[in-house]
Structure formats: structure tokens, C-alpha cells
Amino acid sequence: MRWLFLLLLPILVLPETAGAMDAIGKVRRERSADLDTSTTVATSYGTLQASYETDFLEVPLNGVHSWRLSLQDKQGQPVTDANIDLTVDMPEHLHGMTTVPLVQETETPGLYLVRGMNFHMPGYWEVTLDISGAGSRHLLRFNLIVGENPRARDKSVADES
Amino acid sequence: MKADPVDTPRAIILMLAAVCFCVVVSGPCKAAEGEFAEWDARELALIQSLSLSQLPPPPPSPSNKYADDPRAAELGRAIFHDSRFSANGKISCATCHRQDYGFTDDLPKGVGIGVAERRTMPIVGMAYQKWFFWDGRADSLWSQTLGPLENAVEHGIDRHQVKRLVLTHHSELYQEVFEGDAASQPVNQVFANTGKALAAHVRTLLPETTRFDLYADALQRERKENSVLTTEETRGLRLFVGKAKCVNCHNGPLFTNGEFHHSGTPDKGDSDPGRGAAFKDLAVTEFGFFGQWSDADPETDGDHIRFLDRDTHKYAGTFKTPTLRGVSDRPPYMHNGAFKSLAQVLNNYRAVSGSLRADEVFHGDLTDEDLLDLEAFLQTLSSNANENHN
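Cut-offs applied
- Residues numbered from 1 in each chain as written.
- Chains lettered and ligands numbered in written order.
- Predicted model: local features only at pLDDT ≥ 70, side-chain atom pairs only at ≥ 80, totals over all residues.
- Heavy atoms only, no water.
- Helix = DSSP H or I, 4+ residues; strand = E, 2+ residues; numbered from the N terminus.
- Buried < 20%, exposed > 50% of the residue type's maximum accessible area, 1.4 Å probe, protein only.
- Contact = heavy atoms within 4.5 Å.
- Buried area = accessible area lost by both parts, 1.4 Å probe.
- Salt bridge = Lys/Arg side-chain N within 4 Å of Asp/Glu carboxyl O.
- Polar contact = N/O pair within 3.5 Å; in protein donor to acceptor, adjacent residues only side chain to side chain.
- Nonpolar A, V, L, I, M, F, W, Y, C, P; charged D, E, K, R; others polar.
- Core = buried A, V, L, I, M, F, W, Y, C linked by side-chain atoms within 4.5 Å.
- pLDDT = per-residue confidence, 0-100.
- Axes fitted to C-alpha atoms, helices over the stretch in contact; angles between N-to-C directions.
- Parallel < 35°, antiparallel > 145°, perpendicular 65-115°, else oblique.
- Left-handed = near helix turned anticlockwise from the far one by under 90°.
- Pairing = 2+ DSSP bridges.
- Patch = residues over 30% accessible without salt bridge, like charges linked within 9 Å, V, L, I, M, F, W, Y side chains within 5 Å.
- Areas by Shrake-Rupley, 256 points an atom, 1.4 Å probe, with all protein chains shown as cover.

Enquirer: Teacher, can you tell me more about the overall build of chain A here?
Expert: For chain A, the count of helices and strands is three helices and nine strands. Reading chain A from its N terminus to its C terminus gives the helix and strand order α-α-β-β-β-β-β-β-β-β-β-α. Looking at chain A as a whole, 38% of its 161 residues qualify as buried. For chain A, the share of sequence-separated contacts (at least 6 apart) that also reach a separation of at least 24 residues comes to 60%.

As C-alpha cells, this is what we get:
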């Protein structure tokens, strides 16, 4: 009967320690030197492509804002009625945002509005999209470096001259 | 053994190579002298992001249409300093938010009618914040200002007394600002308007230029180290945006992200749920951003509230990141006033780094000298430091 107890133990204990497991289960990852921060990403065979844009030159640090997210299939056709599960994480910190963004489909085919995005720390962020619809499921990921981009500074220098 | 003559040139080459290697390794030797420290692109970007010159004008306050009305601010200022708004006639907002002490006080916990549960928050730069109080249980500045008035250990009065006091002592200005007679308005409306006037005043309390800002501005112009900061202060700044990772939470021109984090502050067994207990307050208050007395458009404003992560478990024991501007002028520190000096704060951050007490705090392997340098840097964030050094 001991084996049965051992088998059941995780099931009984896990709900209580879910928060702790969340932190323990994740592995802290530093950003890679050649991090791809493209705003357009695609699955390896190009079956699905996603891109985003905001109202800002740089994704804002500490500012609640929206993303316009576009989905296209291999033929470049807009992907409609997709079910998008969006997760945002800081791999170097083991946590995500302090908001829970909402993905809404817009009237424009293939265009989705993500409301409530807020990157509240500078550094390396990952925005992962779990996209399902039309009998298939895809994982896509955007990498971002927020608040550490020297381009903003270069621009202000250019403005002065 | 006699050296083989064939080997001599090789030895010279090796020695030269070794010298070159040493020069390369100790490349930032200029930095060691503190005259022309090199900053990489990431550091430069972060330093600029902290500078006061990057601070935009205060954002609008959609829930308070009087937020930028100078007459409302005048009324708010009068009430802020009016100690008649208290149970014993001796306590005003300015009692704890002392202008001569960075708009906070020198006590571990604020003292009004009684002893408050937490340390008095500094209120400079509140116009830029999204959440108020240490636990963020208020979602607007005007809503926050109402809390202490009705708190039994702070001002110790209620909204009916507030209405009577406004009518008796401030009715003329109130009528001018709010275009209505307080006497004929519901008590909650007068109470909310009092908060909106107080908020209009607090919004005018803005940070002043510090030596750090002068340094960042000079760096922006010349792109190289300058003489505004000392070697220790420059080293502290490098740690702040780098190895010590302070900038993760203390970011932007106000040195705060306005969010909630585990800081690993000792609580002497007096466990405080912090942010974890705030979501209920946010949901039930009648003076909230989406409440009856708010001026916000519930369709378009307040996305930070609408999409807030309300995970009580995740945020239990977290507190709002306070601004570091003026920090060295206003001990004690943390939400419970646990530390009397910045040295104690820095020591604790080193002690709890990576532990379960502060699961998101990772400050690197800081040496004793690192902590001294960080403390030196923090002292450059006070405006009165200009007088000491210029």
C-alpha cells in the first residue's frame, strides 16, 4: 500500500504548493548573446506567421499599452477566429507581468488587439503565443529587450543636432 | 642552466605578448582612475532612462478632472496643512508628510491620532504613479488621500466631519472650484471632491534636479565620464544599473516602477500581507477609479486596473517600490521602517539575495566595498547634495 500512498502524495500535496512549484519548476535563463528580437516570427515551416506593432517607437517600459497582433498563414492569408493564449515572462527573473492582458479579435481579418501589456522592468522578456484553431496548434515566441535600447538615446542626440 | 640563445627572441615576444595581454585585460584602467570611465551602450541607455530630463510632464488623471486646476490645488494645499481635519485638531497631512523631510517623517511608523500600521510614504512624484499606499489599495491619488482622513489612527475623523469642515473653513474656494455649494451636495460627493483637491495639490510636488541628473546630462552631451560624480559614486552607479540589479525595480526617472515586489524585509513576526490583501479593497471601495465619483471614461480609461493581475497568493507580502529620489535624506526605510540607515538596507538586500524570503531579488555577489559605493551613489539622488558639492 506504500506505493499507492507515494503515487497519491503528489496529487494531494501539489495544489497546496502550486505557487512554490511555479518558482521551482522554472529555470532561470540568461538572454543569449544573439537574441532575435524581431517583431515578426514564424513557425519553422512557415505555416503560421505572427507580427506585432505598438503606438510607440520602442516598446514602453512601465507603461500599460496595447499590441496590434497580425496572424498570417503560409499563403499570406489572414488567420481568423484563432484562439490565442498569451503568456509573458522574464526568463532572468522567473516572473511575468503584473497585468493579465486580453486578446481581442478585431474587425480587420487576421488582426488581434492585445490590451493591458505592461513591461514593468527593464531587460529580457518573452511573449509566447499558444495559437490554436482550424485543427492545428502552434507556439510562437517574441523576444524583447525593454528599456535598455541605446537607439532611443541615439535618436534624442540626433534630434538635438 | 644557461638560456639557449635561440630562445631569447621567443622570450621577448612572449613577454611583449604578456604585457599586451595585461594592458587589454586592465583596459578600463582609465575607469579605475575615475576620470574617463567607459560605459557600454546598455549602461548608457539605462543611465539616461533614470535622468530627470527624461521625465515627461505629469500624465493626465482621467478620474479627476480637477487634477490640473490651479485653484483646486490651492484648496488642496490649504486642506493639506489644516490640522482642524483631525480628531484632536492637531493632525494635518503635513504632520506626517513633512516638507522639511522629503514629505515623509523620521519615524518607523507614522504617528497621527495613534500609531499607523506602516511607514509614512514619500509623496513626491505621485502624479506619475498608478497605485497608492504601500500595498496599492487605492487606484487613484484622490482616492488615496481620503484613506488617512477616515483612518482612526491617522486623522481619525469621518466624511461627515470633512464636509462640515469644508463648509465652515473652505466653502468659498470649494464653490469656485467645484461649481456647487457643498451644503447642498451629498456627503460622499463633498468627500470625493476634497480628495480631488488634495490630489491636485500633491500632483504639484515634483522631484528636483540632483547631482546624478547633472552627471547623466553631461554624459548625454559628451558620451564620456565627467567630473560631476566621484569615483565611488560612479562605481555605485555602475553597480546600480549592472551587477546589483537595483534598476530592475527602481527604474525610470523616478527610480521606481510603481509595482509590487518581495523585498525580504524582516517583519519581527508581525506578518503583513501587503499587496496580497489589497485586491479586496480595490473591489469594494466606492471611491475607486471606476466608481460613482470618478470622472474617468469606464470604456477607454484605466487599462492598468482592468487588466490587473489579482493573484492574492502571488502578491502576498509584496510592497510598492518607493522612489529613491531624496532617499538618503529620509531614514528610516522600508514599509515598516525596519532599517535606520541605507547601509542596513543594502546589507539586507545582499543577505536575502536569492533566498526564499525574496524570491525575485538577485543582487549578485556584492562586496562590502560595493555596498559602500552603492550608498555613495544613492546620496547623489538628493537635490540638496548640490549645495554640498558645488
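Enquirer: I'm lost on the interface of chain B and chain A in this one. Help?
Expert: Put simply, an interface is often sized by how much accessible area is lost when its parts join up. The interface is formed by 30 residues belonging to chain B together with 29 residues belonging to chain A. At the boundary of chain B with chain A, total buried surface from both sides reaches about 2500 Å², with 52% on carbon and sulfur atoms. Taken as a group, Gln-220, Arg-223 and Phe-307 of chain B account for 24% of the area that chain B buries against chain A, more than any other trio of residues on that side. The interface formed by chain B and chain A contains two salt bridges. Arg-42 of chain B is paired through a salt bridge with Glu-148 of chain A; the nearest N and O atoms lie 2.9 Å apart. Connecting chain B to chain A are 10 residue pairs in polar contact (both at pLDDT 80 or more). Of all the secondary-structure elements, those providing two or more residues to the side of chain B that touches chain A are α3 (41-50), α10 (211-222), α13 (303-306) and α14 (312-315) of chain B. Per element, the largest residue contribution to the side of chain B that touches chain A is six residues, and it comes from α3 of chain B. Grouping the amino acids of the side of chain B that touches chain A by side-chain chemistry returns 11 nonpolar, nine polar and 10 charged.

Enquirer: Explain the nonpolar core here, please?
Expert: Note that soluble globular proteins tend to have their nonpolar side chains buried in a common cluster. Residues and elements named next belong to chain B. The biggest cluster of nonpolar side chains holds 39 residues, and the ones touching the most others in it are Phe-85 and Leu-149. Listing elements by their share of this core, those giving two or more residues are α4 (70-80), α5 (93-96), α6 (141-150), α7 (159-169), α8 (171-178) and α9 (187-202). Considering each element in turn, this core owes the most residues, eight residues, to α9. Every residue in contact with Phe-85, bar those within four places of it in the chain, is listed here: Ile-79, Ile-91, Leu-149, His-155, Ile-157, Val-162, Leu-165, Val-166 and His-170. Ranked by size, the runner-up nonpolar core spans 32 residues in total, among them Leu-44, Cys-246, Val-247 and Phe-339.

Enquirer: Sorry, what's going on with the pattern of salt bridges here?
Expert: If the charged atoms of two oppositely charged side chains come close together, the side chains can form a pair. Going through the model one piece at a time under the given rule, you end up with 33 salt bridges over all chains. Measuring nitrogen to oxygen at the nearest pair gives 3.3 Å for the salt bridge that ties Glu-126 of chain A to Arg-141 of chain A. Of this pair, Glu-126 of chain A sits in strand β8 (residues 123-133) while Arg-141 of chain A sits in strand β9 (residues 136-146), and the two are 15 residues apart along the sequence. By relative accessible area, which is 4% here, Glu-126 of chain A ends up buried. Overall, the relative accessible area of 39% leaves Arg-141 of chain A in the partly exposed class. Residues participating in the shared-partner salt-bridge network are Arg-31, Glu-92 and Glu-148 of chain A together with Arg-42 of chain B.

Enquirer: Even after reading the chapter, I still don't get unusual backbone geometry, so can you show me in this structure?
Expert: Residues apart from glycine generally show negative phi values, whereas peptide bonds are mostly found in trans. For the bond running from Pro-331 of chain B to Pro-332 of chain B, omega is -5°, close enough to zero to count as cis. With respect to the helices and strands, the residue Pro-332 of chain B is situated in the loop between β2 (319-320) and α15 (342-352). The residue Asp-81 of chain A is not glycine, and still its phi comes out positive at about 60°. Checked against the element boundaries, Asp-81 of chain A lands in the loop between β3 (65-73) and β4 (83-90). The exposure class of Asp-81 of chain A is exposed, given its relative accessible area of 63%.

Enquirer: Mind showing me how you'd approach the confidence of the model for chain A here?
Expert: When pLDDT is low, close inspection of the predicted coordinates is not appropriate. Residue and element names in this part refer to chain A. Across chain A, the average pLDDT comes to 82, with 76% of residues at 70 or higher. Counting interchain partners and residues more than four positions distant, the pLDDT-below-50 stretch residues 12-24 has five contacts. Predicted confidence for residues 151-161 stays below pLDDT 50, and this span has 13 contacts to residues more than four positions away or in other chains.

Enquirer: Just to check I follow, could you spell out the packing of α4 of chain B against α8 of chain B for this structure?
Expert: A pair of packed helices can be characterised by two numbers: the angle between their axes and the separation between those axes. Residues and elements named next belong to chain B. Viewed as axis vectors pointing N to C, α4 and α8 meet at an angle of 150°, and their least axial separation amounts to 9 Å. Here α8 runs roughly antiparallel to α4, going by the angle between their axes. You can see that α4 and α8 cross each other, and the crossing is left-handed. For the pair formed by α4 and α8, the contact residues are Arg-71, Ala-72, Glu-74 and Leu-75 on the first element and Leu-173, Tyr-174, Glu-176, Val-177 and Phe-178 on the second. In terms of residue class, the contact of α4 with α8 is built from six nonpolar, no polar and three charged.

Enquirer: Explanation requested: the sheet that holds strand β6 (residues 102-105) of chain A in the structure shown.
Expert: By definition, the strands of a sheet pair up through backbone hydrogen bonds, in either a parallel or an antiparallel sense. All names here are of chain A. Pairing in this open sheet of five strands is antiparallel, and the strands run β1-β2-β3-β7-β6 from one edge to the other. At either margin of the open sheet sits one strand with a lone partner, and together these are β1 (40-42) and β6. Each neighbouring strand pair of the sheet contributes to a mean axis angle of 25°, computed without reference to strand direction.

Enquirer: What exactly am I supposed to notice about a nonpolar patch on the surface here?
Expert: Residue and element names in this part refer to chain B. Together, Leu-107, Val-111 and Val-115 line one region of the surface with nonpolar side chains, adding up to about 220 Å² of accessible area. On the secondary structure map, Val-115 appears in the loop between α5 and α6. Overall, the relative accessible area of 54% leaves Val-115 in the exposed class.

Enquirer: Help me out: how do you make sense of α3 of chain B in this one?
Expert: Given 3.6 residues per turn, any residue in an α-helix points the same way as the ones three and four places further on. Residue and element names in this part refer to chain B. Within α3, eight of the 10 residues are buried, which leaves it mostly tucked inside the rest of the structure. When α3 is considered as a whole, its buried residues turn out to be Glu-43, Leu-44, Ala-45, Leu-46, Ile-47, Gln-48, Ser-49 and Leu-50. Where α3 begins, one side-chain oxygen reaches toward the backbone nitrogen of Arg-42, 3.1 Å away; that side chain belongs to Asp-40.

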